[in-house]
Structures are given as C-alpha cells and as structure tokens.
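Here is what each chain is made of, one letter per residue.
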Amino acid sequence: MKKKTDGKAKAADNVNKKKPKNVRKRVVFICTGNTCRSPMAELILRTKLKQKNIRWWDVSSCGLNAEPGTGMSILSRMVLSEIGIDPGDFQSKQVTEAILKKSTVVFCMTDSQKRILEGKAHVFSIKDVTGREVPDPYGQGLEEYRAARDELCRACDCIIEDYITQFQDGEDKRYDDE
C-alpha cells in the first residue's frame, strides 16, 4: 500500500534533493609549465565570466611540470594585452591532489595531459570542447602565441556555454526537474 503524502511533505522532499544554492564552483586549466597556455586560459575565462556577470565560478591554472613562482611568458603577456587583458602578477603553480579535489572541472590543453590526470578529477581536454588541442607555443614566435590565445578564446566561449551555464546561481540546473 502506498503512503499518501501531503503537498508540504512532497515540496520538502524536492527541496532536499536539490543542491544548495550559491555553491562556488571551480575550473582549473592545466598545461605543462603553467607559463603560457593555462595562464592565458585562466585569465581569458575569468575576463569573460566577469563580462557576463557570472559570479559563482572561480578560475585557476597550474602545470604538470611547473616551477612554482615562475612568471607568465613575455609573449603570453603580450598577446593577452593585445585583447585588453592585464596579465597582472601571475605566478605559476604545480598541480596537486588538493587542487584537483577542489575542482569542479579540469581542462587540459592536450589529450596526453588529460590521460595523465584521468581518474583524479572531472578531466577534459580542450579537444573535447572544441575538437582541437591547443599546441604549445613555448619557444615559438608571436603568431603561434596569438593562435593559441585565439583557440583558448573559442574554448572559453564553449566552456561557458556547455559547462558553466549548466549552473545557475551556483545551482546545478540538472536538478530542477526532480
């Protein structure tokens, strides 16, 4: 025999199924040294989120083989400045288990980086988002840095559309229908 519930009890049950509102989420970008691609991605996404008034996401970056405290490459700084993004006083970080555990989603620049981290977090490659990897411009010229920046701009637009907007005010929209 089914137990009858009144409307208030049913509403309370639905509230309990939803995740709490205003829970901060975290995107982490990963590359090799955390001096070129991932810091550009971090600053590009942070800028785009601010422009769209999306406040419930934190953005950071780190490297698989980073030397902590190293600054962003000069050419990365230049190509960000060309599109009005101030690179500020960026300092590289090494990826850690703690960073991965605190992340909502992790985006690697290549599939090989993604394979290294699989099973440790919700890991994707930029190729999963845009269909293309972001080649490492390290040691190359300004045009390669611009190409990496432009690919990261496209990727950040897709990340906002396909991942970040799935959460509204910090709440996962996928729970709305329950």
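Whatever comes next refers back to the structure up there.
Here goes a summary of the coordinates provided. (Residues numbered from 1 in each chain as written. Predicted model: local features only at pLDDT ≥ 70, side-chain atom pairs only at ≥ 80, totals over all residues. Heavy atoms only, no water.)

**Structural notes on the packing of helix α3 (residues 74-82) against helix α7 (residues 142-162)**
Link 1 in the chain: For the pair α3 and α7, the least separation of the axes is 9 Å and the interaxial angle reads 60°. Classified by the interaxial angle, the pair formed by α3 and α7 is oblique. When you trace α3 past α7, the crossing you get is right-handed. Contacts between α3 and α7 involve L75, S76, M78, V79 and E82 from the first element and L142, Y145, R146 and R149 from the second.
Link 2 in the chain: The residue inventory of the contact of α3 with α7, partitioned by class, reads five nonpolar, one polar and three charged. (Axes fitted to C-alpha atoms, helices over the stretch in contact; angles between N-to-C directions. Helix = DSSP H or I, 4+ residues; strand = E, 2+ residues; numbered from the N terminus. Parallel < 35°, antiparallel > 145°, perpendicular 65-115°, else oblique. Left-handed = near helix turned anticlockwise from the far one by under 90°. Contact = heavy atoms within 4.5 Å. Nonpolar A, V, L, I, M, F, W, Y, C, P; charged D, E, K, R; others polar.)

**Re the pairing of strand β3 (residues 105-108)**
Link 1 in the chain: Every second residue of β3 is oriented toward a common face, with V105 and F107 on one face and V106 and C108 on the other, all of them buried.
Link 2 in the chain: Pairing geometry for strand β1 (residues 25-31) and β3, over four bridges, is parallel. Paired with F29 across the bridge in β3 is F107.
Link 3 in the chain: Pairing between β3 and strand β4 (residues 123-125): three bridges, direction parallel. Across the sheet, the residue bridging to C108 is S125, located in β4. (Buried < 20%, exposed > 50% of the residue type's maximum accessible area, 1.4 Å probe, protein only. Pairing = 2+ DSSP bridges.)

**What about the pattern of salt bridges?**
Link 1 in the chain: Per the counting criterion, the structure on display carries 13 salt bridges.
Link 2 in the chain: The closest approach of N and O atoms between R37 and D136, which form a salt bridge, is 3.6 Å. On the criterion of sequence distance, the pair formed by R37 in helix α2 (residues 37-51) and D136 in the loop between α6 (126-130) and α7 is long-range, its members being 99 residues apart.
Link 3 in the chain: Across the pair R149 and D150 runs a salt bridge, and its minimum N-O distance is 2.9 Å.
Link 4 in the chain: With a relative accessible area of 7%, R149 lands in the buried category. (Salt bridge = Lys/Arg side-chain N within 4 Å of Asp/Glu carboxyl O.)

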